[in-house]
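Okay, here's what each chain looks like letter by letter:
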Amino acid sequence: MKPLNQVQSRTAVLPFENIDTDRIIPARFLTTTERAGLGRFAFNDWRYREDGTPNSDFPLNQAEARGCRILVAGDNFGCGSSREHAPWALLDYGIEAVISSGIADIFRSNALKNGLLTIVIDASEHRALLAAPGIELVIDIAEGKISKADGSTIAFELDRFARHCLLNGVDQLGYLLEAETDIRAWESRRATSPFSTERAA
Amino acid sequence: MKPRTIIEKIWDAHQVRAETSDTPGILYVDLHLIHEVTTPQAFSELRSRGLNVRCPGRVLATLDHSTPTLPADADGNRAYVTAEARQQVELLEANCREFGIELHGWNSEHRGIVHVIGPELGATQPGMTIVCGDSHTATHGAFGALAFGIGTTEVGHVLATQCLLQRKPKSMAIHVDGALRAGVSAKDLILHIIGRIGVGGGTGHVIEYRGAAIQALSMEERMTVCNMSIEAGARAGLIAPDQVTFDWLQGRPRAPQGAEWDRAVAAWRTLASDAGARHDSEVHIDASAIGPTISYGTHPGMVTPIASAIPAARDAQEAKALSYMHFVGGTALTGQKVDVVFVGSCTNSRLSDLREAAAIMRGRKLADGLRALIVPGSVRIKREAEAEGLDEVFRAAGAEWREAGCSMCIGMNGDIARPGQLVVSTSNRNFEGRQGPGVRTVLASPRVAAIAAIAGIISDPDAFQECAA
Ligand code: SF4
């Protein structure tokens, strides 16, 4: 994963609540065994009409949304299926950050592991961003702050470990592999009392 | 000592390293279930780093999502929807061979939907941590396990280290007091619960379902309830194990045997939340107030008692959902013409579900022009149903009796409906396009689905039974 400090872009807005991962990438595209190249299927059934032509009503198909790397979406973004194809598709499509008032747990975890920034902000700030597509934002990860062109800012919280991993491009599998001694110690404790529900030491 | 919830007890017992404000905890995983869709990229990652599967004995694999549900032809060829779907299945077969993982593949009598076969084999046990690259892993919580869905990167983490980086979740107690009315199923109950707390209501939480109405449920019914925890935004949902759990598990292939069984049960009895343990939030539900419940929108929180009118849209989001469904607020849901009925999925494809559907279809015919797919959750369930003659009941009614798999729940194998068709489905997701582009999905219990198949319209089961009597 590449280190990520800042995302600067105009926003594209999808003002719908509960955008599920089936919307982000429909199941029929999940038979792939690769993770690359899924951007062409992102939001497929919204992006294209039944005859395969682009749907001009879809916000991301409009000229001003081209090239936007920040997506502002309605509440509870990424709910439903745990498919990691959803963040893979968004990243490949060119989205680097998703901002909402609520982001589903598994999607958020998957996104952060791939360097897709997920930001939850409070409902009133969120309403303002939803109402103003196309504004320029600078997201500063280390500072936990989104700056608007008028100088105002929105603070956001990010799990400290997730932030550390984003900023430094940390490979979480590497971190787990380094815990091998502890893992082995746990396994040998467990071997002596396999059904124990004892309190952790 | 501070009283603990069942969630804390399982968490504590599996903590390899405690979390700090800077780092998540390291949680050991007892059982890792895998299927063909969410694993290929994880195995590639292992290979590219030269890593091995750390504990192949803790991994259990099956084929379910991309698999055709029509039988193989005389030459053993299967009707995969695309060459890519076949490759995905063959790749899992190859990966399991290479890394020494037990696969319930085409020749196993236990092949089936991953969340159906774990319990069926007795691999799912109380007190365990169980993960799968699949959001309905919560199903296994019915046995008092802490079971949750993960992404493919995490599948790689578990394959390589048997561990996950996790922060301790919050807990939510949902007390279901009283008793369910006759004819009201576990599916009605969980749809009602999701409608009540909302599709994001459980975000960040593990749900513990408790109360008299929960204890009265069979294991199959408990699985139906826990299965849909994710539809309320919760990664996991569980029920403390009790005698019902132990009776269901005893004698299953992977369950402990002999003296080991007694030791296990004694330990499992201590898992229940201690008196006085605190959950982060509490919800109370009166079981007796719940009737047959059905979804009418494009997420599983848009539900209503079947006999009532379609609720009017309260905002633009709901208006959009109603327009996708071609429904008009204020009009009746009953009487809507149904094109396809699907009985199956990890929510409702077990023997009891098939019996419920067969009880309605026995001696009756599907409505004219209606298509019904009945898809058992596993090969084992298929055999059991056939031994009881359920397949004959379905066939005689005009329904299609298929091979085990996810089928029309997700449509990855080509089992889909046509744009605009209305499907009454016993599965768990009514998202736009879930059962095919433009397809309209209504979630319901097996009984309500079977009645819709016979009547050809969405029907109130109470009214249907009366006029049939
Ligand atoms: S039956 Fe449906 S929900 Fe269950 S595992 Fe298969 S696709 Fe997922």
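Look up: the structure comes first, before these words.
Rules used throughout
Residues numbered from 1 in each chain as written. Chains lettered and ligands numbered in written order. Predicted model: local features only at pLDDT ≥ 70, side-chain atom pairs only at ≥ 80, totals over all residues. Heavy atoms only, no water. Helix = DSSP H or I, 4+ residues; strand = E, 2+ residues; numbered from the N terminus. Buried < 20%, exposed > 50% of the residue type's maximum accessible area, 1.4 Å probe, protein only. Contact = heavy atoms within 4.5 Å. Areas by Shrake-Rupley, 256 points an atom, 1.4 Å probe, with all protein chains shown as cover. Lys, Arg positive; Asp, Glu negative; His and termini not counted. Charge placed at Lys NZ, Arg CZ, Asp CG, Glu CD. Axes fitted to C-alpha atoms, helices over the stretch in contact; angles between N-to-C directions. Parallel < 35°, antiparallel > 145°, perpendicular 65-115°, else oblique. Left-handed = near helix turned anticlockwise from the far one by under 90°. Nonpolar A, V, L, I, M, F, W, Y, C, P; charged D, E, K, R; others polar. Arc of directions from axis to C-beta. Salt bridge = Lys/Arg side-chain N within 4 Å of Asp/Glu carboxyl O. Polar contact = N/O pair within 3.5 Å; in protein donor to acceptor, adjacent residues only side chain to side chain. Near = heavy atom within 4 Å. Pairing = 2+ DSSP bridges. Right-handed = clockwise from strand over helix to strand, strands pointing away. Phe/Tyr/Trp six-rings, centres within 6.5 Å; stacked < 30°, edge-to-face > 60°. Lys NZ or Arg CZ within 6 Å of the ring centre and 35° of its normal. Core = buried A, V, L, I, M, F, W, Y, C linked by side-chain atoms within 4.5 Å.

Asks: Mind showing me how you'd approach the overall build of chain A here?
Replies: The helix and strand inventory of chain A stands at 8 helices and 7 strands. With the C-alpha coordinates of chain A rotated into their principal frame, the extents come out at 65 × 45 × 30 Å. For chain A, with 201 residues in total, the buried portion stands at 54%. Summarising the internal contacts of chain A: among those between residues at least 6 apart in sequence, 65% fall at separations of at least 24. Accessible area for chain A stands at about 8,600 Å²; split by element, carbon and sulfur atoms hold 47% of it. When the 22 positive and 28 negative side-chain charges of chain A are each reduced to one mean point, those points stand 1 Å apart.

Asks: Any chance you could explain the packing of helix α12 (residues 351-361) of chain B against helix α15 (residues 446-455) of chain B here in plain terms?
Replies: In a packed pair of helices, the relevant descriptors are the angle between the two axes and the axis-to-axis distance. Residues and elements named next belong to chain B. Contact geometry of α12 with α15 gives a least axis separation of 8 Å together with a crossing angle of 30 degrees. Considered as vectors, α12 and α15 are oriented roughly parallel to each other. As α12 packs across α15, the resulting crossing turns out to be right-handed. Touching D353, E356, A357, I360 and M361 of α12 are P446, R447, A450, I451, A453 and I454, all from α15. Residues belonging to the contact of α12 with α15 are distributed by class as follows: 8 nonpolar, no polar and 3 charged.

Asks: Help me out: how do you make sense of helix α10 (residues 258-268) of chain B in this one?
Replies: In an α-helix, one turn spans 3.6 residues, which is why side chains three or four residues apart end up on the same side. All names here are of chain B. Taken together, the buried positions of α10 are W261, A264, V265, A267 and W268. Buried positions in α10, seen along its axis, are confined to an arc of 160 degrees and lie on one side of it. The exposed set on the far side of α10, more than 90 degrees from its buried face, consists of A259 and D262. Packed against the buried residues of α10 are α9 (243-249).

Asks: Where do I start with the interface of chain A and chain B in this structure?
Replies: In many analyses, interface size is given as the accessible surface area lost on bringing the parts together. At the junction of the two partners, chain A supplies 59 residues and chain B supplies 75 residues. Counting the contacts that link chain A with chain B gives 10 salt bridges. With a closest N to O distance of 4.0 Å, E45 of chain B and R35 of chain A form a salt bridge. Counting across the chain A and chain B interface gives 25 residue pairs in polar contact (both at pLDDT 80 or more). Sorting elements by how many residues they give to the side of chain A that touches chain B places helix α8 (residues 180-192) of chain A first, with 8 residues. In the side of chain A that touches chain B, the residues fall into 19 nonpolar, 16 polar and 24 charged.

Asks: Help me out: how do you make sense of the site of the ligand in this one?
Replies: In the vicinity of the ligand, the contacting residues are H65, I113, H115, D134, H136, S345, C346, C406, C409, I410, N428 and R434 of chain B. For the shell around the ligand, a count of residues per class yields 5 nonpolar, 5 polar and 2 charged.

Asks: Explain the environment of E356 of chain B to me, please; I cannot follow it from the model alone.
Replies: Residue and element names in this part refer to chain B. For E356, the position within the fold is in helix α12. The exposure class of E356 is partly exposed, given its relative accessible area of 26%. Taking the C-alpha atoms as reference points, E356 and A312, separated by 44 residues in sequence, lie 32 Å from one another.

Asks: Honestly, unusual backbone geometry in this entry has me stumped. Any pointers?
Replies: Excluding glycine, residues mostly carry a negative phi; peptide bonds, for their part, are mostly trans. Residue and element names in this part refer to chain B. Phi is positive for Q162, close to 65 degrees, though the residue is something other than glycine. Mapped onto the fold, Q162 is located in the loop between α5 (152-161) and β8 (163-166). One non-glycine residue, H326, lies in positive phi territory at about 55 degrees. For H326, the location among the structural elements is in the loop between α11 (316-325) and β15 (340-343).

Asks: What's the story with the side chain of R440 of chain B in this structure? I'm lost.
Replies: With respect to the helices and strands, R440 of chain B occurs in strand β19 (residues 440-443). At 4.5 Å, D339 of chain B is the nearest oppositely charged side chain to R440 of chain B, a buried residue that forms no salt bridge.

Asks: Can you walk me through the pairing of strand β10 (residues 205-210) of chain B in this structure?
Replies: Consecutive side chains along a regular strand alternate between the two faces of the sheet. Residues and elements named next belong to chain B. Across the 6 residues that make up β10, a large majority, 5, are buried. Bridge count between strand β9 (residues 170-177) and β10: 6 bridges; the pairing is parallel. Its bridge partner being in β10, M172 is matched across the sheet by I207. Read from β9 through helix α6 (residues 186-197) to β10, the crossover connection turns out right-handed. Two elements, β10 and strand β11 (residues 236-238), share 3 bridges in a ladder whose sense is parallel. Pairing of E208 across the sheet is with L238, part of β11.

Asks: Sorry if this is basic, but what is going on with the pattern of salt bridges here?
Replies: Any two side chains of opposite charge can pair, given that their charged atoms come close. For the structure on display, the rule yields 41 salt bridges over all chains. A salt bridge links R23 of chain A to E432 of chain B; the nearest nitrogen and oxygen atoms lie 3.3 Å apart. Here R23 of chain A, found in helix α1 (residues 21-24), pairs with E432 of chain B, found in the loop between β18 (422-425) and β19, and the two come from separate chains. Judged on exposure class, the residue R23 of chain A and its partner E432 of chain B are both buried. Across the pair D12 of chain B and R4 of chain B runs a salt bridge, and its minimum N-O distance is 2.9 Å. As far as the burial class goes, D12 of chain B and R4 of chain B line up, both buried. Each of the salt bridges in this network shares a partner with another, and the network as a whole consists of R35 and D171 of chain A together with E45 and R49 of chain B.

Asks: It is not clear to me how the packing of aromatic side chains should be interpreted in this structure. Could you clarify?
Replies: To describe a pair of aromatic rings, you give the distance between the ring centres and the angle between the ring planes. Scanning the entire structure with this criterion turns up 13 aromatic pairs over all chains. An angle of 35 degrees between the planes, with centres 5.7 Å apart, marks the rings of W46 of chain A and F58 of chain A as tilted. With W46 of chain A in helix α2 (residues 44-47) and F58 of chain A in the loop between α2 and β2 (70-73), the pair connects residues that are 12 residues apart, well separated along the chain. Note on W46 of chain A: relative accessible area 11%, which makes it buried. Note on F58 of chain A: relative accessible area 3%, which makes it buried. A cation over a ring is seen here: R252 of chain B above W248 of chain B, with NZ or CZ 3.6 Å from the ring centre.

Asks: Before we go on, may I ask you to explain the nonpolar core in this structure?
Replies: Across soluble globular proteins, nonpolar side chains show a tendency to be buried alongside one another. Residues F43 and F77 of chain A together with V341, M361 and F394 of chain B are the most contacted members of the largest nonpolar core, which totals 84 residues. At 7 residues, the largest contribution of residues to this core is made by α15 of chain B. Sequence-distant contacts of V341 of chain B, defined by excluding residues within four places in its chain, comprise L370, R371, A372, L373, V424, A449, A452 and A453 of chain B. One finds F195 of chain A together with V59, M228 and V303 of chain B within the second-largest nonpolar core, a separate group that totals 80 residues.

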